[in-house]
Amino acid sequence: VLQLIWKRLKVGGTLILQTPNALSPWVSSLRYGDFTHEVIYSSKCLASLLVLTGFSNVETREVAPCAHGLKSLIRWPLWRAVWLGYAVWNVAETGSLLGGVYSRNMLVRATKT
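We now turn to the structure provided with this report. Here the structure is a predicted model, which is why all the values come from computation and not from measurement.

### Focus: a nonpolar patch on the surface
Piece 1. Side chains of Leu-70, Leu-73, Ile-74 and Leu-78 sit close together on the surface and give an oily, nonpolar patch of about 440 Å² of accessible area.
Piece 2. Locating Leu-73 in the fold gives a position in helix α4 (residues 70-94).

Below is the structure:
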């Protein structure tokens, strides 16, 4: 699919996709909660795959809560605390942030150059 998208994009075109995150603490519910998810990628793995397909300037980011009201204003610092806990866990276990994307889903942007 990525090769077909790359072929159809004009030079300078941008691919934006959202996909489940393999490094999320909730990866099991994502992977096995929807039978259409045959493969789930980490941000590093997906970036490598996109570069192999011919894309460049690959950027990944979390799909995290945004503060836009009272409820979300409360959720945002709670999310940051959970993120920090998961980041510390990763550093303690692996010595790395493993990309620093821990939300259930991630956004990926890549360019055809």
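Structure shown, so let's carry the discussion forward.
### Remarks on the layout of surface pockets
Piece 1. Approximately 210 Å³ is the volume found for the largest pocket.
Piece 2. What lines the largest pocket is simply Val-1, Leu-2, Gln-3, Ile-5, Leu-17, Thr-19, Tyr-41, Leu-46 and Leu-49.
Piece 3. Of all the secondary-structure elements, those providing two or more residues to the lining of the largest pocket are α1 (2-8), β1 (14-20) and α3 (43-53).
Piece 4. Broken down by element, the residue count for the lining of the largest pocket peaks at three residues, all from α1.
Piece 5. Along the lines of polarity and charge, the residues of the lining of the largest pocket split into seven nonpolar, two polar and no charged.

### A look at the pattern of salt bridges
Piece 1. Within this structure, the stated rule accounts for one salt bridge.
Piece 2. The shortest N-O distance in the salt bridge between Arg-109 and Glu-59 comes to 3.0 Å. Of this pair, Arg-109 sits in strand β3 (residues 105-112) while Glu-59 sits in strand β2 (residues 55-62), and the two are 50 residues apart along the sequence.
Piece 3. Overall, the relative accessible area of 39% leaves Arg-109 in the partly exposed class.
Piece 4. The class for Glu-59 is partly exposed, based on a relative accessible area of 42%.

### Comments concerning the pairing of β3
Piece 1. Two elements, β1 and β3, share seven bridges in a ladder whose sense is antiparallel. Directly across from Leu-17, in β3, lies its bridge partner Val-108.
Piece 2. In the sheet, β2 pairs with β3 via six bridges, with the strands oriented antiparallel. If you follow Glu-62 over to β3, its bridge partner there is Met-106.

Cut-offs and rules
Position numbers for residues count from 1 along each chain, tracking the sequence in the order it is written. Only residues with pLDDT of 70 or above have their local features reported here, since the model is predicted, and side-chain atom pairs are shown and tallied only from 80 upward, although totals for entire chains, interfaces and linings are computed over all residues. The side-chain figures draw on all heavy atoms in the structure; neither hydrogens nor water molecules are used. Two distance rules govern patches: like charges are joined within 9 Å, and nonpolar side chains (Val, Leu, Ile, Met, Phe, Trp, Tyr) within 5 Å, applied only to residues with over 30% relative accessible area and no salt bridge. Calculation of accessible area relied on Shrake-Rupley with a 1.4 Å probe; when residues are assessed, cover is drawn exclusively from the protein chains displayed. By convention in these notes, a salt bridge is any Lys or Arg side-chain nitrogen within 4 Å of a carboxyl oxygen on Asp or Glu. By the criteria applied, helices consist of DSSP H or I runs no shorter than four residues and strands consist of E runs no shorter than two, each listed in order from the N terminus. The pocket and cavity definitions rest on a 1 Å grid over protein atoms only: a 1.4 Å probe that fits but cannot leave marks a cavity, an open set with protein on both sides within 12 Å along at least five of seven lines marks a pocket, and residues lining either have an atom within 4 Å of a point. Grid points are joined across faces, edges and corners, and a volume is the space filled by probe spheres set on the points. Classification convention: Asp, Glu, Lys, Arg as charged; Ala, Val, Leu, Ile, Met, Phe, Trp, Tyr, Cys, Pro as nonpolar; all other residues, Gly among them, as polar. To sort residues, take the accessible area from a 1.4 Å probe on protein chains only and compare it with the maximum for the residue type: under 20% means buried, over 50% means exposed, and anything in between is partly exposed. Any two strands with at least two DSSP-identified bridges between them are counted as paired.

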